[in-house]
Amino acid sequence: MRKHLTYEIVKRKVFKEEKWLIALRRHKKRSLKETTEAVALQTTSSPADIEGLLQAYLEQIRYHVLNGESVNIKGLGTFYPKVSSKMVDKAEEATVKNCVRSVTIGFRPCTELKESIKESGFTEFSPAKNANKKRR
């Protein structure tokens, strides 16, 4: 089944000039419950079993990333700890307090996932067709 990304044409001001660009419309966020119910329909496991398994899997990802390790999920990508820091002039100034701007979790999609998204088709968002849907 081929998926399509929905986009809209958006106006932005750049240095007092109007510019136009294509922006992806994000659809609703899927909850863990909705996801486990969908997986249950494709397997012989119950939604509760799948949810328990996913919760344990996510806890393992959190544990390893918080311990400085990267976690690769074949077919999806790699989660890893990520730090953004600024440069200083002297080694003695290079401290966590002086340099670290933010710490977060990074995600690097696998090649197959990147290729799949590149091959997706596009559908233009039409407010008339989607009148009952919220706009961003």
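Remember, it's a predicted structure, so these values are computed and weren't measured experimentally.

Help me get a handle on the sheet that holds strand 3 (residues 71–73), residues and values and all.
If you walk across this open sheet you meet the three strands as 3-4-5, and the pairing is antiparallel. Each having just a single partner strand, strand 3 and strand 5 (100–109) make up the two edges of the open sheet. Ignoring strand direction, the axes of neighbouring strands in this sheet form an average angle of 30 degrees. The pairing of strand 4 (residues 77–85) with strand 5 spans nine bridges and is antiparallel. If you follow Thr78 over to strand 5, its bridge partner there is Arg108.

How would you explain the environment of Glu119 if you had to name every residue and give the values?
Among the structural elements, Glu119 can be located in the loop between helix 4 (111–118) and strand 6 (121–124). C-alpha of Glu119 to C-alpha of Lys3: the two residues are 116 residues apart in sequence and 8.9 Å apart in space.

Describe in detail the sheet that holds strand 6, supporting the description with residues and values.
The strand order across the open sheet formed by three strands is 2-1-6, and the pairing between neighbours is mixed. The strands lining the two open edges of the sheet, one partner per strand, are strand 2 (17–24) and strand 6. Strand after strand, the sheet turns through a mean of 40 degrees between neighbouring axes, direction not considered. Inspection of the sheet shows strand 1 (residues 4–14) paired to strand 6 by four bridges, in the parallel sense.

So what about the packing of helix 1 (residues 32–42) against helix 2 (residues 47–66)? Which residues, and what values?
Packing of helix 1 against helix 2 brings their axes to within 8 Å, and their N-to-C directions diverge by 120 degrees. With respect to each other, helix 1 and helix 2 are oriented oblique. Here helix 1 runs over helix 2; the crossing is right-handed. Of the residues in helix 2, those touching helix 1 at Leu32, Thr36, Glu37, Val39 and Ala40 are Pro47, Ile50, Glu51, Leu54 and Gln55.

Quick one: what's the story with unusual backbone geometry, residue by residue and with numbers?
For Phe15, which is not glycine, the phi torsion reads 50 degrees and is therefore positive. Relative to the elements of secondary structure, Phe15 occurs in the loop between strand 1 and strand 2. Phe15 sits in the exposed class, given a relative accessible area of 79%. Positive phi, close to 65 degrees, is recorded for Lys16, a residue that is not glycine. Assessed through its relative accessible area of 81%, Lys16 is described here as exposed.

Please provide a residue-by-residue account of helix 2, values included.
The α-helix advances 3.6 residues per turn, and as a result positions three or four apart in sequence lie on the same side. Taking 1.5 Å of rise per residue, 20 residues should cover 28 Å, and helix 2 covers 28 Å from first to last C-alpha, within 8% of that figure. Residues Ile50, Ile61 and Val65 constitute the buried set of helix 2. Down the axis of helix 2, the buried set is contained in an arc of 35 degrees. They therefore lie on one face. Set apart from the buried face of helix 2 by more than 90 degrees, the exposed residues are Ala48, Asp49 and Leu66. Looking at the buried side of helix 2, the elements it contacts are helix 1, strand 3, strand 4 and strand 5. Two residues or fewer after helix 2 comes Gly68, characterised by a positive phi angle close to 85 degrees.

What counts, and where the lines are drawn
- Residues numbered from 1 in each chain as written.
- Predicted model: local features only at pLDDT ≥ 70, side-chain atom pairs only at ≥ 80, totals over all residues.
- Heavy atoms only, no water.
- Pairing = 2+ DSSP bridges.
- Helix = DSSP H or I, 4+ residues; strand = E, 2+ residues; numbered from the N terminus.
- Axes fitted to C-alpha atoms, helices over the stretch in contact; angles between N-to-C directions.
- Parallel < 35°, antiparallel > 145°, perpendicular 65-115°, else oblique.
- Left-handed = near helix turned anticlockwise from the far one by under 90°.
- Contact = heavy atoms within 4.5 Å.
- Buried < 20%, exposed > 50% of the residue type's maximum accessible area, 1.4 Å probe, protein only.
- Expected span 1.5 Å × (residues − 1).
- Arc of directions from axis to C-beta.

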